[in-house]
Amino acid sequence: MVNEELFKKIIAHSKEYGFVFPSSEIYDGLSAVYDYGQNGVELKNNIRKYWWEAMVKLNENIVGIDAAIFMHPTVWKASGHVGAFSDPLIDNKDSKKRYRADVLIEEHREKIQAKIDKEVDKAHKKFGDSFDKQQFTATNPRALEYQSKIDELSTRFVKALETGDLTEIKKIIEDNEIVCPVSGTRNWTDVRQFNLMFDTKLGSVSEDSNTIYLRPETAQGIFVNFLNVQKTGRMKIPFGIAQTGKAFRNEIVARQFIFRMREFEQMEMQFFVAPGDENEWYEKWREKRMKWHKTLGLGVEKYRWHNHEKLAHYAKAAADIEFEFPIGFKELEGIHSRTDFDLSQHQEFSGKKLQYFDPERNESYVPYVIETSVGLDRMFLSVLSSAYKEEVLAKEDGTSEIRVVLSIHPAIAPVKVAVLPLVKKDGLPEKAREIMNRLKIDFNCQYEEKDSIGKRYRRQDAIGTPFCVTVDHQSLEDNTVTLRYRDSMKQERVDVEKLDEIIDKLVNMKYLLRQLD
Ligand code: GAP
């Protein structure tokens with residue numbers, strides 16, 4: 001379900017608490033470009049670490065690389081991005097707003113689906129436990145009518161996408177009376193293809209041959225290094241190469257905070273397999289990736305699969321892991337069976353052999369590839385949007401207050417421990433500093449002495465700090481402190497000597513990783 005209100009709150013909260021800022025904000029920002037603040041960068045680093053360790057540490061046959069953003073321009077001809085990496089765009093002549101034509105159609109289809117869901121809900125309420133959803137959707141005239149509209153639309157849409165028929169895409173928009181969300185009119189331009197790659201010039205001579213691209217995916221850096229890694233790492237198929245890094249796309253629709261950015265970060269892994277083994281590995285990686293997501297505890301019901309109807313130019317099979325963001329179920333990660341397309345293309349365009357000699361099969365071949373590709377910024381948004389909670393707390397005087405808390409998994413929370421002297425005198429700050437100095441070697445800590453303890457707790461809740469350690473006068477006498485837990489707000493008296501062990505049990509990423517193995 002779309003929750004615009006929650007989405008706005010998350011955007012505002014992200015800015016107020018140093019997670020995400022609009023880029024160059026003092027100049028009114030830059031569309032679809034964002035900066036990560038002091039807490040955002042910690043969260044982002046921790047998510048990246050969770051991914052990296054799950055890939056590279058837990059799998060003996062996966063190694064990492066860090067390829068450059070700039071690549072030889074022929075890479076993008078070979079990969080097909082120069083010719084085919086484009087989106088169909090359409091403008092509304094009245095509002096002057098630009099849209100992705102395929103997204104307009106998909107959203108229209110979702111609206112019809114929502115009508116079916118509404119009918120189902122109504123009937124469910126009416127018939128209670130005896131309700132049979134399957135029978136209802138197969139017999140109810142309204143549901144059948146909506147379903148046939150969806151089927152008709154989908155058939156036309158898939159065919160138009162497959163054949164690249166832009167006139168038909170426009171006709172689908174017209175026939176379905178799709179209006180511009182801003183002007184409400186159907187005054188559309190023709191549909192045109194728009195290449196999403198940013199280009200720039202290398203060196204000082206501005207000739208065509210010097211045009212290079214900002215990479216639109218990190219994957220190609222892995223493909224062109226396939227043989228380097230295989231040979232120097234003496235890798236045996238099946239094996240994988242993992243990489244995290246920036247990617248750039250001149251997105252047409254870029255109005256969804258960090259969900260769709262023009263500069264973003266991907267975490268990609270290419271798994272090289274023998275021809276014929278790709279289907280088995282495709283299934284394995286689908287399963288492994290879903291488990292990785294669900295282990296983070298954002299809610300198993302928040303994920304679903306979406307199998308691609310239209311495959312990218314390189315793919316044999318592809319599916320998205322979708323997450324229920326406040327803007328609805330949207331793509332979080334793609335798992336793609338890329339065949340031998342990329343390596344074969346690079347072999348052809350570079351004139352260099354990109355083959356593997358398989359000692360077991362006693363033959364050389366171009367390996368097939370299974371790719372897992374997840375956006376780090378989308379992961380960040382999925383974590384924030386499921387962690388953001390507003391709790392109503394009853395106060396002693398009979399009134400109530402709202403506590404905003406980010407229930408981020410402790411292993412990826414930006415700050416693990418806040419050390420708080422109860423008052424700024426009587427030697428408490430010194431004792432608190434002593435504890436802080438001890439804990440900061442293992443955990444990202446924050447020291448705070450300003451404002452009442454209640455206010456400081458709220459500030460830590462708002463950035464998702466799992467533990468607060470409060471130092472009071474008793475601490476000076478018996479070396480104990482109050483340990484406060486973020487989610488339950490439970491407080492307990494703990495010996496300073498035991499702090500490391502208690503905190504480590506919750507925040508150490510190894511416990512999360514163990515659940516994956
Ligand atoms: N190498 C394959 C590839 O790039 P993709 O489905 O285009 O596949 C993979 O992108 C992932 O990258 C997506 O699932 C998404 O999480 C992320 N991503 C793609 N475009 C993005 C954008 N404009 N802003 C933020 N994340 C994006």
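Rules used in this analysis
Residues numbered from 1 in each chain as written. Predicted model: local features only at pLDDT ≥ 70, side-chain atom pairs only at ≥ 80, totals over all residues. Heavy atoms only, no water. Helix = DSSP H or I, 4+ residues; strand = E, 2+ residues; numbered from the N terminus. Buried < 20%, exposed > 50% of the residue type's maximum accessible area, 1.4 Å probe, protein only. Contact = heavy atoms within 4.5 Å. Areas by Shrake-Rupley, 256 points an atom, 1.4 Å probe, with all protein chains shown as cover. Lys, Arg positive; Asp, Glu negative; His and termini not counted. Charge placed at Lys NZ, Arg CZ, Asp CG, Glu CD. Pairing = 2+ DSSP bridges. Axes fitted to C-alpha atoms, helices over the stretch in contact; angles between N-to-C directions. Phe/Tyr/Trp six-rings, centres within 6.5 Å; stacked < 30°, edge-to-face > 60°. Lys NZ or Arg CZ within 6 Å of the ring centre and 35° of its normal. Left-handed = near helix turned anticlockwise from the far one by under 90°. Nonpolar A, V, L, I, M, F, W, Y, C, P; charged D, E, K, R; others polar. Polar contact = N/O pair within 3.5 Å; in protein donor to acceptor, adjacent residues only side chain to side chain. Salt bridge = Lys/Arg side-chain N within 4 Å of Asp/Glu carboxyl O. Near = heavy atom within 4 Å. Domains from an automatic or database assignment. Buried area = accessible area lost by both parts, 1.4 Å probe. Expected span 1.5 Å × (residues − 1).

1. Quick look at the overall build of the chain
Assigned secondary structure in the chain consists of 18 helices and 23 strands. By principal-axis analysis of the C-alpha atoms, the chain measures approximately 80 × 65 × 55 Å. The buried share among the 517 residues of the chain stands at 50%. Intrachain contacts of the chain at a sequence separation of at least 6 include 66% that bridge at least 24 residues. Summed over its atoms, the accessible surface of the chain is roughly 25600 Å², and 49% of this surface lies on carbon and sulfur atoms. Both charge centroids of the chain, one from 78 positive and one from 84 negative side chains, sit 1 Å from each other.

2. Brief notes about the sheet that holds strand 6 (residues 192-195)
With antiparallel pairing, the three strands of this open sheet are ordered in space as 5-4-6. With partners counted over all chains shown, the strands left at the sheet margins are strand 5 (98-100) and strand 6, one partner each. Going across the sheet, the axis of each strand differs from the next one's by a mean of 45°, ignoring polarity. Note: strand 4 (residues 86-91) against strand 6, four bridges, orientation antiparallel.

3. Brief notes about the sheet that holds strand 11 (residues 303-307)
Spatially, 3-9-10-16-13-12-11 is the arrangement adopted by the seven strands of the open sheet, whose pairing is mixed. The two strands at the open ends of the sheet, each matched to only one other strand, are strand 3 (62-64) and strand 11. Taking each pair of neighbouring strands and ignoring which way they run, the sheet shows an average axis angle of 25°. Relative to strand 13 (residues 328-339), strand 12 (residues 317-325) runs antiparallel, the two sharing nine bridges. Each bridged residue has a counterpart across the sheet, and for I321 the counterpart in strand 13 is E333. The sheet strands contacting helix 13 (residues 376-387) are strand 10 (263-273), strand 12, strand 13 and strand 16 (368-375), and the helix crosses strand 12 at an angle near 35°.

4. Details of the pairing of strand 9 (residues 239-248)
Of all 10 residues in strand 9, nine are buried; the element is thus mostly enclosed. Judged from the 10 bridges that link them, strand 9 and strand 10 form a sheet pairing that is antiparallel. Of the residues in strand 10, the one forming a bridge with I241 is Q270.

5. Re the environment of L406
Tracing the backbone shows L406 in strand 18 (residues 400-406). For L406 and E390, which are 16 residues apart along the polypeptide, the C-alpha to C-alpha distance reads 8.9 Å. Once residues lying within four places of it in the same chain are set aside, the contact partners of L406 are H13, F19, L384, A387, Y388, D461, A462, I463, G464 and R486.

6. Things to note about the packing of aromatic side chains
The full count for this structure, using the stated rule, is 19 aromatic pairs. Ring centres of F19 and F380 lie 6.5 Å apart, and the angle between their planes is 65°; this geometry places the pair in the edge-to-face category. Residue F19 is found in the loop between helix 1 (4-16) and strand 1 (20-22), and its partner F380 is found in helix 13; the two are separated by 361 residues along the sequence. Like F19, the residue F380 is buried in the burial classification. Seen in terms of ring centroids, Y356 and Y365 are 5.9 Å apart; in terms of plane orientation they differ by 55°. Their pairing is tilted. Take Y365: its relative accessible area is 7%, and that puts it in the buried class. Put simply, the rings of F223, F226, F239 and F272 pair up and form one aromatic cluster. Taking NZ or CZ as reference, K284 lies 4.2 Å from the ring centre of W281, over its face. For the cation-ring pair, R286 lies above W305, with the distance from its terminal atom to the ring centre recorded as 4.1 Å.

7. A word on the packing of helix 5 (residues 101-127) against helix 8 (residues 166-175)
As a packed pair, helix 5 and helix 8 sit with axes 10 Å apart at the nearest point and diverge in direction by 35°. Regarding helix 5 and helix 8, the two cross each other, and that crossing is left-handed. Mapping the contact onto sequence places A101, L104 and I105 in helix 5 and I169, I172 and I173 in helix 8. Tallied by class, the residues present in the contact of helix 5 with helix 8 amount to six nonpolar, no polar and no charged.

8. Digging into the side chain of Q266
Its place among the elements puts Q266 in strand 10. Within the structure, the side chain of Q266 is placed 3.0 Å from the backbone nitrogen of T218, a separation counted as a polar contact. Contact partners of Q266, with chain neighbours within four places excluded, come to P216, E217, T218, Q243, T244, G245, A247, R249, S373, V374, G375 and L376.

9. As for the pattern of salt bridges
Pairing is possible between side chains that carry opposite charge, provided their charged atoms lie close to one another. For the structure on display, the rule yields 40 salt bridges. The partner of E174 in a salt bridge is K170, with the nearest N and O atoms 3.8 Å apart. Taken as a pair, E174 and K170 lie in helix 8 at a separation of four residues, close to a single helical turn. E371 is the partner of R338 in a salt bridge, and the nearest nitrogen-oxygen pair spans 2.7 Å. In this pair, R338 is assigned in strand 13 and E371 in strand 16, connecting sequence segments 33 residues apart.

10. What about helix 15 (residues 453-463)?
All of the buried residues in helix 15 are R456, Y457, Q460, D461, A462 and I463. Positive phi shows up at G464, right after helix 15, with a value of about 85°.

11. Regarding the site of the ligand
Within the structure, the ligand sits among 21 residues, and E217, E251, M261, E268 and E331 are positioned closest to it. With respect to the ligand, the side chain of E217 contributes an N or O atom lying 2.6 Å from a nitrogen atom. Expressed as a share of its isolated accessible area of 560 Å², the protein-covered part of the ligand is 93%. Broken down by secondary-structure element, the contributors of at least two residues to the shell around the ligand are strand 10, strand 13 and strand 16.

12. Thoughts on the domain arrangement of the chain
Split by domain assignment, the chain resolves into domain 1 (1-66 + 196-307 + 315-405), domain 2 (86-190) and domain 3 (410-514). Here domain 1 and domain 2 have C-alpha centroids that lie 28 Å from each other. For the pairing of domain 1 and domain 2, the buried interface totals around 640 Å² over both sides, and the portion due to carbon and sulfur atoms is 56%. Where domain 1 touches domain 2, the interface holds zero salt bridges. The interface formed by domain 1 and domain 2 includes zero residue pairs in polar contact (both at pLDDT 80 or more). Split into classes, the residues belonging to the side of domain 1 that touches domain 2 amount to three nonpolar, no polar and three charged.

13. Quick notes on helix 13
With 12 residues, helix 13 should reach 16 Å at 1.5 Å per residue; the first-to-last C-alpha distance of 16 Å fits that figure. Of all 12 residues in helix 13, 12 are buried, a share of seventy percent or more. For helix 13, the complete set of buried residues consists of L376, D377, R378, M379, F380, L381, S382, V383, L384, S385, S386 and A387.

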